[in-house]
Amino acid sequence: MPSPALNEIALLEDVPTGLLIDGLWRPAASGRTFDVEDPATGKVLLSIADAGAEDGAAALDAAAAAQAAWACTAPRERGEILRRAFELVTERAEDFALLMTLEMGKPLAEARGEVTYGAEFLRWFSEEAVRVSGRYSAAPDGKNRLLVQKKPVGPCLLITPWNFPLAMATRKIAPAVAAGCTMVLKPANLTPLTSLLFAQVMQEAGLPAGVLNVIQTSTAGDVTGPLIKDDRLRKISFTGSTPVGQALIREAADKVLRTSMELGGNAPFLVFEDADLDKAVEGAMLAKLRNMGEACTAANRFIVHKSVADRFAEKFALKMSTMTTARGTEKDSKVGPLIDAKSRDKVHELVTDAISAGATAVTGGAPVDGPGYFYQPTILTGVTEGTRILSEEIFGPVAPIITFSTEDEAVRLANDTEYGLAAYVFTKDFNRGIRMGERLETGMLGLNAGVISNAAAPFGGVKQSGLGREGGLEGIEEYLYTQYIGIADPYAG
């Protein structure tokens, strides 16, 4: 078998390095490029085209020109393109997994899981493309007829984050394709390679020129700012930090653009006194360490009943201490690097602040020596209210534990955040679980489950965690608008 190094070289040679505009791969108008690095080594993987404002305008020109014809394409044809894309991504699962591991750092096993998850959006929305419906009815007074139909919103700007390079692209592109919208995709400059390879696959699946345009850039605001001001743009879908999402909403307000915002999270993980602690720890490992904790749905605050807190922390620490940090391509890798030095330093800053306020690192608590941006899987006990680590999104493999005595106190602690994306509850009391669903201010809840993301479910949050939903029956609605046609009484005159 070829060595992993040879596989990496061959794969990188297959990845497009240009901008995709109107069906053609081309260099940036300025000729500029930027480097994409491996966060496990700091070494450059590829140098790729760096879009400027002129390239962004060309991409929107292509999307706007293609919109009318694409909107008229038969839903079945759009669905078949997505189905072929699903099959192609599945066939190339190892390529996509390795590429994500190289540019983002996650272990190969996790990357393979993301390929399965990301591909599922293609299959799901291939089926939803033919289910868009309206209604026809008589007006209540019987004089007219009411015809209601759903139509594509039009050209969309899709902005994806670095932490799930494939799934975040498919979660936006698939419903837009199904609905009949054209797109300009701006992937994160830290992990654009997966999006470029996926765009190539969409071409192979038969997506017409101009429907999907990709403009990776190191100067996002310079490129997206003019697009948002353009009258031809109809929608922005963004996944990323709350501050950036707030800025985009402000920009979108001038043109009254449709917006979908999947923003930050500060997920509480509640463990009640009757919980199965082994299952709770298993769920905690999944909810915390998936993607090295670099996920908006990651458990950020572990709120544990005081009667079981010591046992939970002991079991949790035992599991965490066995998690090997290594480059994602290594066989024994369980926890890969964080995305860059800034992110690693931010995590350590939060840990240091918590310890200075009285917390104890039961395991971990420091960066890993050597190349790459690794951080030790960490558990903190004795964390007190008011510390930064409980209010800020950690985005790393760190689990702070705080205790509670009553259900009301648990709810208060869980809701004490401006975010409301995901939450997790472990209890054997089903009625309590239902109460938590009603009382917790969150868009999604995992009840005795540490992983809840699913293409068939509506993903999204409340409060400052965002607007709109991705996936599920609701996902395609974000790319459609409702038109009402009033028809004169067919019996009159």
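Residues numbered from 1 in each chain as written. Predicted model: local features only at pLDDT ≥ 70, side-chain atom pairs only at ≥ 80, totals over all residues. Heavy atoms only, no water.

**Brief notes about helix α8 (residues 220–229)**
Logical step 1: Residues Val223, Thr224, Gly225, Leu227 and Ile228 constitute the buried set of α8.
Logical step 2: Looking at the buried residues of α8, the elements they touch are α2 (53–71), β7 (156–159), β8 (183–186), β10 (235–239) and α9 (242–253). (Buried < 20%, exposed > 50% of the residue type's maximum accessible area, 1.4 Å probe, protein only. Helix = DSSP H or I, 4+ residues; strand = E, 2+ residues; numbered from the N terminus. Contact = heavy atoms within 4.5 Å.)

**Section: the packing of aromatic side chains**
For any pair of aromatic rings, the description consists of the separation of the ring centres together with the inter-plane angle of the planes.
Logical step 1: Under the defined criterion, the tally for this structure stands at nine aromatic pairs.
Logical step 2: Between the aromatic rings of Phe302 and Phe316, the centroid separation amounts to 5.2 Å while the plane-to-plane angle is 55°, which identifies the pairing as tilted. Within this pair, whereas Phe302 is found in strand β13 (residues 299–305), its partner Phe316 is found in helix α11 (residues 309–320), the two being separated by 14 residues in sequence.
Logical step 3: Phe302 gets classed as buried once you look at its relative accessible area, which sits at 0%.
Logical step 4: Three or more aromatic residues joined by ring pairs make a cluster, and in this case those are Phe269, Phe302, Phe312, Phe316, Tyr424 and Phe426.
Logical step 5: Over the aromatic face of Tyr479 sits the side chain of Lys235, whose NZ or CZ is 4.9 Å from the ring centroid.
Logical step 6: A cation over a ring is seen here: Arg290 above Tyr117, with NZ or CZ 5.7 Å from the ring centre. (Phe/Tyr/Trp six-rings, centres within 6.5 Å; stacked < 30°, edge-to-face > 60°. Lys NZ or Arg CZ within 6 Å of the ring centre and 35° of its normal.)

**Regarding the pairing of strand β18 (residues 444–447)**
Logical step 1: Side chains of β18 alternate between two faces, with Met444 and Gly446 buried and Leu445 and Leu447 left unburied.
Logical step 2: Pairing analysis gives four bridges linking strand β17 (residues 422–426) to β18, with the strands arranged parallel. Counterpart to Ala423 in the pairing with β18 is Leu445.
Logical step 3: Once you follow β17 into helix α15 (residues 430–439) and on to β18, the crossover reads as right-handed. (Pairing = 2+ DSSP bridges. Right-handed = clockwise from strand over helix to strand, strands pointing away.)

**Here's the deal with the sheet that holds strand β20 (residues 480–487)**
Where strands meet in a sheet, backbone hydrogen bonds hold them as pairs that are either parallel or antiparallel.
Logical step 1: Spatially, three strands are ordered β5-β6-β20 in an open sheet, and the strand pairing comes out antiparallel. One side of each edge strand has no neighbouring strand; the edge strands of this open sheet are β5 (135–138) and β20. Strand-to-strand, the axes of this sheet are offset by a mean angle of 20°, without reference to chain direction. (Axes fitted to C-alpha atoms, helices over the stretch in contact; angles between N-to-C directions.)

**So, the packing of helix α4 (residues 93–104) against helix α5 (residues 108–128)**
Logical step 1: It is the contact of α4 with α5, at a shortest axis distance of 8 Å, that shows an interaxial angle of 125°. If you check the angle between α4 and α5, you find them oblique. For the pair α4 and α5, the sense of crossing is right-handed. Seen from α4, the contacting residues are Ala93, Glu94, Phe96, Ala97, Leu98, Met100 and Thr101; seen from α5, they are Leu108, Ala111, Arg112, Glu114 and Val115. (Parallel < 35°, antiparallel > 145°, perpendicular 65-115°, else oblique. Left-handed = near helix turned anticlockwise from the far one by under 90°.)

**Concerning the pairing of strand β4 (residues 44–49)**
Logical step 1: Across five bridges, the pairing between strand β3 (residues 33–37) and β4 is antiparallel. Within the sheet, the bridge partner assigned to Phe34 lies in β4 and is Ile48.
Logical step 2: Counted between consecutive antiparallel strands, the loop separating β3 from β4 contains six residues, among which Gly42 sits at a positive phi close to 80°.

**Some thoughts on the sheet that holds strand β12 (residues 267–271)**
Logical step 1: Judged by pairing direction, the sheet is mixed, and its seven strands sit side by side in the order β14-β15-β16-β13-β12-β17-β18 without closing on themselves. Of all strands in the sheet, those with a lone pairing partner are β14 (360–363) and β18, marking the two edges. The sheet shows a mean angle of 25° between the axes of neighbouring strands, taken without regard to direction.
Logical step 2: The sheet contact formed by strand β15 (residues 378–381) and strand β16 (residues 398–404) spans three bridges and is parallel. Paired with Thr378 across the strands is Val398, a residue of β16.
Logical step 3: Packing of helix α10 (residues 277–289) onto the sheet brings it into contact with β12, β13, β16 and β17, and relative to β12 it is tilted by some 170°.
Logical step 4: Of the strands in this sheet, β12, β17 and β18 are in contact with α15, which crosses β18 at around 165°.

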